[in-house]
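Chain residues, written in single-letter form:
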Amino acid sequence: MPQEEKNQTVLLPEVVSIKMLATQLGVAPVEIIKKLMESGILVNINESVDFDTAAIIASEFQFDAIKSDEEESRTEEKDDKSKIKKKVRPPVVTIMGHVDHGKTKLLDAIRETNIIGTESGGITQHIGAYQTKVKFEEENGKKSQRAITFLDTPGHEAFSQMRAQGANITDIVIIVVAADEGVKPQTLEAISHAKAAKVPIIVAINKIDKPDSDIDRVKRQLTEHMLVPEEWGGKTPMIGVSAKTKEGIDKLLELIVLTADVEELEARSDGNAKAVVVESKIQSGKGAVATSIIQEGILKPGDVIIYDDDFAKVRFLEDWKGQRIKQALPSDPVMIAGFKKIPKTGGIIFALKDEKTAKARLEERRKKDTVKGIGAVRSLADVSKSTKEGEKITELKIILRADVKGSLDAITDALEKFSQSDIKVTAVSSALGAITESDINLAIASGAIVVAFRVPIPANVLKLSEANDIKISRYEIIYELIDDISAALEGLLEPEIIETTIGKLEVIKVFFKSKGKTIVGGKVIEGKITPGTKVLVYRGEEKIGELKTELVQIGGERVNVVEKGNECGVSCLGELKLKAKDILEFVLVEEKIRSIKKITQ
Ligand code: GDP
């Protein structure tokens, strides 16, 4: 099959016109229209399709489509791509960690460290992000000033919300751990989030001013969780700080600059801006405003922007100190005013040439929404259901396809962690790019589930999968995939058996004996007893065997519970012969569906 041949790659925006697709693939537009018709999508040459659909068509012409995330700006600049100049931009930093470990105070301390005299009084503005300047000595001894942008919304909810929207704006994560308390559950969660986002981590061990602080203990604990300090041969810079006395803050800032240098953070610094919404609200006198981080280009007052499903004109821009500014550059936190309605957090804002372009672009987006792409089928949930209904599997096999190596690694890492002693998650195959027919064949052969993470499913592959009842689970967000896998695994896990001793009875008299059944009279000497339990039989110190209770009676009437101190009759099932003075221990046996420990929140 042609899928084994090496495909060429083609860069496509979120919305692709048929004309553009045809040009990019080097075929006649009518060829594209024909292929789309085969998939049940009717378009004419002037219409557009979404990226996924375009990617499927591309794959039929032996092209691997890659989504260009510079959709809007690219179209503006496409005349001459070589003109795009990239410049170093400041790092965008998020602080995460356990509650009360000092995230807020650390953010405050950093903010204050770099505000000079008169400024400090005037800053009451809180816009959800700020930028600080650090004096830095370059390798060649030259002194320079570097900027760092901090997202002032501590907590990983904000972080994951952004990521869930596909906006990965954080370049560096600082994990704050209190030197006196050490690693706590939310510290571990923060580590998972940062690792899943594949961003460099710096650990700030805070509160070192406290007498019971123990930096080495924190480092040991973190090492157990795969964050090994640089000085112990690991990769993670860790530094002791005090947000209270400000000790170590300068060093921390220097570490951030050094880490950013290694990352070589760059962005296009001219042309139309692209920004991500960090926070948004209605502010009296200003209307709907949004704190955004510029990702590319320059944003200026008067610029026409599109956001969510609307467009607006930037009324004015304010920096984090609340001062009006004339422009905002990559990584700058900026408050934008002029929206018609509150833009959603994590949403992307694109600046465009003029209103006409904005309207046209929105129209394209709307069309895209009405274009039916290939539907998503959830099949992991089905696995969970069918296994709960009795089928027992001890292994979940997955065929995984992802868009980029980063996602593939993050997912396989997470899958590995899922494997427990009695259940295994095996990636039968994991690869980049669109799902192929051979994936489906492998799924048929191995009984694996097919997971498509942000990759297209070509029409021929979909047909093959449907014909063979192989469902393809399609995901855009890692956490959703992980959640579904954990739900499916819960269905696969053998239930946990929990045994609890609820009471003891001393046999006074044996009333009746037959094959398989004994009825005794006795007194409850501990706890309470109930029918339907397991019974351990003790003669003196020795356990002589097990029986099951059938009925418990008082005065010839069936009862459900007999409490300590009362006498009753008990009929037991089993071959064991009971005698007076035997002690019966009543054990309640429960089955509990085991839950899988979530790797990520
Ligand atoms: P968050 O929940 O992580 O944002 O923690 P906060 O920044 O609100 O700090 C929690 C508490 O720890 C507050 O009472 C802070 O004053 C205190 N705290 C934060 N940093 C330090 C520090 O470096 N030293 C000392 N002694 N206390 C601190």
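The structure contained in this document is the topic of the report that follows.

Each value, and the rule that gives it
Residues numbered from 1 in each chain as written. Predicted model: local features only at pLDDT ≥ 70, side-chain atom pairs only at ≥ 80, totals over all residues. Heavy atoms only, no water. Near = heavy atom within 4 Å. Polar contact = N/O pair within 3.5 Å; in protein donor to acceptor, adjacent residues only side chain to side chain. Areas by Shrake-Rupley, 256 points an atom, 1.4 Å probe, with all protein chains shown as cover. Helix = DSSP H or I, 4+ residues; strand = E, 2+ residues; numbered from the N terminus. Nonpolar A, V, L, I, M, F, W, Y, C, P; charged D, E, K, R; others polar. Contact = heavy atoms within 4.5 Å. Phe/Tyr/Trp six-rings, centres within 6.5 Å; stacked < 30°, edge-to-face > 60°. Buried < 20%, exposed > 50% of the residue type's maximum accessible area, 1.4 Å probe, protein only. Lys NZ or Arg CZ within 6 Å of the ring centre and 35° of its normal. Salt bridge = Lys/Arg side-chain N within 4 Å of Asp/Glu carboxyl O.

Residues in contact with the ligand amount to 15 residues; listed here are only the nearest, Asp-100, Lys-103, Thr-104, Lys-105 and Asp-209. Here an oxygen atom of the ligand and a side-chain polar atom of Ser-242 are 3.3 Å apart. Take Ala-243: an N or O atom from its main chain is 2.8 Å from an oxygen atom of the ligand. Relative to its unbound accessible surface of 580 Å², the ligand loses 74% to contact with the protein. No other element matches helix 5 (residues 103-113), which puts 3 residues into the shell around the ligand. Of the residues that constitute the shell around the ligand, the class distribution is 2 nonpolar, 6 polar and 7 charged.

Position of Arg-146 among the secondary structure elements: in strand 8 (residues 143-151). Within the local environment of Arg-146, its side chain forms a polar contact with the side chain of Asp-261, the two groups lying 2.9 Å apart. Excluding residues within four positions of it along the chain, Arg-146 makes contact with Thr-132, Lys-133, Val-134, Phe-136, Glu-138, Val-257 and Asp-261.

On inspection of all chains with the given rule, the structure shows 3 aromatic pairs. For the ring pair Tyr-130 and Trp-320, a centre distance of 5.5 Å and an interplane angle of 45 degrees mean the geometry is tilted. Of this pair, Tyr-130 sits in strand 7 (residues 129-137) while Trp-320 is found in the loop between strand 17 (316-318) and strand 18 (324-325), placing the two residues 190 residues apart along the sequence. Comparing Tyr-130 with Trp-320 shows no difference in burial state: the two are buried. When the ring of Tyr-307 is compared with that of Phe-339, the centres are 4.8 Å apart and the planes differ by 85 degrees; the resulting orientation is edge-to-face. Pair noted here: Tyr-307 is in strand 15 (residues 304-307) and Phe-339 is in strand 19 (residues 333-339), with a separation of 32 residues, a long-range link. Each member of the pair, Tyr-307 as well as Phe-339, is classed as buried. An aromatic cluster of three or more residues is present, and its members are Tyr-130, Phe-150 and Trp-320. In this structure, Lys-35 packs its charged tip against the face of Phe-61, placed 5.8 Å from the ring centre. Of note, Arg-324 hangs over the ring of Phe-316, and the distance from its end group to the ring centre comes to 3.6 Å.

Scanning the model with the defined rule gives 21 salt bridges in all. Lys-286 is the partner of Glu-318 in a salt bridge, and the nearest nitrogen-oxygen pair spans 3.0 Å. Taken together, the residues span a long stretch of sequence, with Glu-318 in strand 17 and Lys-286 in the loop between strand 13 (274-283) and strand 14 (287-296) at a distance of 32 residues. The closest approach of N and O atoms between Arg-539 and Asp-582, which form a salt bridge, is 2.7 Å. One end of the pair, Arg-539, is in strand 27 (residues 534-539); the other, Asp-582, is in the loop between strand 31 (567-573) and strand 32 (583-592), with 43 residues separating them in the sequence. One network of salt bridges, with partners in common, ties together Asp-309, Asp-310, Lys-340 and Lys-341.

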